[in-house]
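# Chain and residue survey
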Amino acid sequence: MQFLDKNTIKLDKAETELDTFTLEVTKILSKYTDYVIVSGYIAILFGRNRASEDIDIFIPKINEPMLKKLIGELHGNNFWILNEEEDGVYSLLNQGLAVRFAKKGTVEPNAEVKLARKDLDFYSLRNKIKVKLKSGELFISPFELNIAYKLFLSSQKDVEDA
């Protein structure tokens, strides 16, 4: 691991299937909206040895036409929506709920995408850290915020993630 500057980390590691999935999702997301990855995947990305069925992602509010383009590209890249019909995604997100995307024919791993709603969600978006991997780059929430959140949750898994 190399800190290139205060907001950029170069991570030289063997990439996992979960990393490949995450890079694929975030590459598409970044064409249509800002995003930040939060929670458990960050610990896994930096070496924590545990399984994860989802990647938690916050995005800012997105208009419906742009969301439809995003969903169209995800479908075109072999993704499907696990928990909602395509025409209900905009409403689902605006109710504060998450939409989950996975590769067609699978349910795990999946990307759990939610609209940023709380001050700390927006803080994560504004202060995100770029992580450069061999196959691409992605954006994660600040470490100190993620650690505090995991400790607040306080399950055994979350404390170990922190």
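Shown above is the structure to which this text applies.
Before going into details, it helps to say that this report is about the structure given with it. None of the values given here were measured: they were computed from a predicted structure. (Residues numbered from 1 in each chain as written. Predicted model: local features only at pLDDT ≥ 70, side-chain atom pairs only at ≥ 80, totals over all residues. Heavy atoms only, no water.)

### What about empty space enclosed by the protein?
Evaluated as defined, the whole model comprises one cavity of 30 Å³ or more. Approximately 40 Å³ is the volume attributed to the largest cavity. Contributions of two or more residues to the lining of the largest cavity are made by α3 (64–76) and α4 (89–94). For the lining of the largest cavity, the element with the most residues is α3, which contributes four residues. A breakdown of the residues in the lining of the largest cavity according to their chemical character gives four nonpolar, no polar and four charged. (1 Å grid on protein atoms, 1.4 Å probe; cavity = no way out; pocket = protein on both sides within 12 Å on 5 of 7 lines; lining within 4 Å. Points joined across faces, edges and corners; volume = space filled by probe spheres on them. Helix = DSSP H or I, 4+ residues; strand = E, 2+ residues; numbered from the N terminus. Nonpolar A, V, L, I, M, F, W, Y, C, P; charged D, E, K, R; others polar.)

### Concerning unusual backbone geometry
What you tend to see is this: most non-glycine residues have negative phi, and most peptide bonds are trans. Cis peptide bonds are those with omega within 30 degrees of zero, and the linkage from Glu 108 to Pro 109 qualifies with -5 degrees. With respect to the helices and strands, the residue Pro 109 is situated in the loop between β6 (99–103) and β7 (110–115). Positive phi values are uncommon outside glycine, yet Ser 39 reaches one of about 80 degrees. In this fold, Ser 39 is placed in the loop between β3 (36–38) and α2 (40–45). What makes Ser 39 buried here is its relative accessible area of 10%. Its identity as a non-glycine residue notwithstanding, Asn 78 has a phi of 75 degrees, on the positive side. With a relative accessible area of 37%, Asn 78 lands in the partly exposed category. (Buried < 20%, exposed > 50% of the residue type's maximum accessible area, 1.4 Å probe, protein only.)

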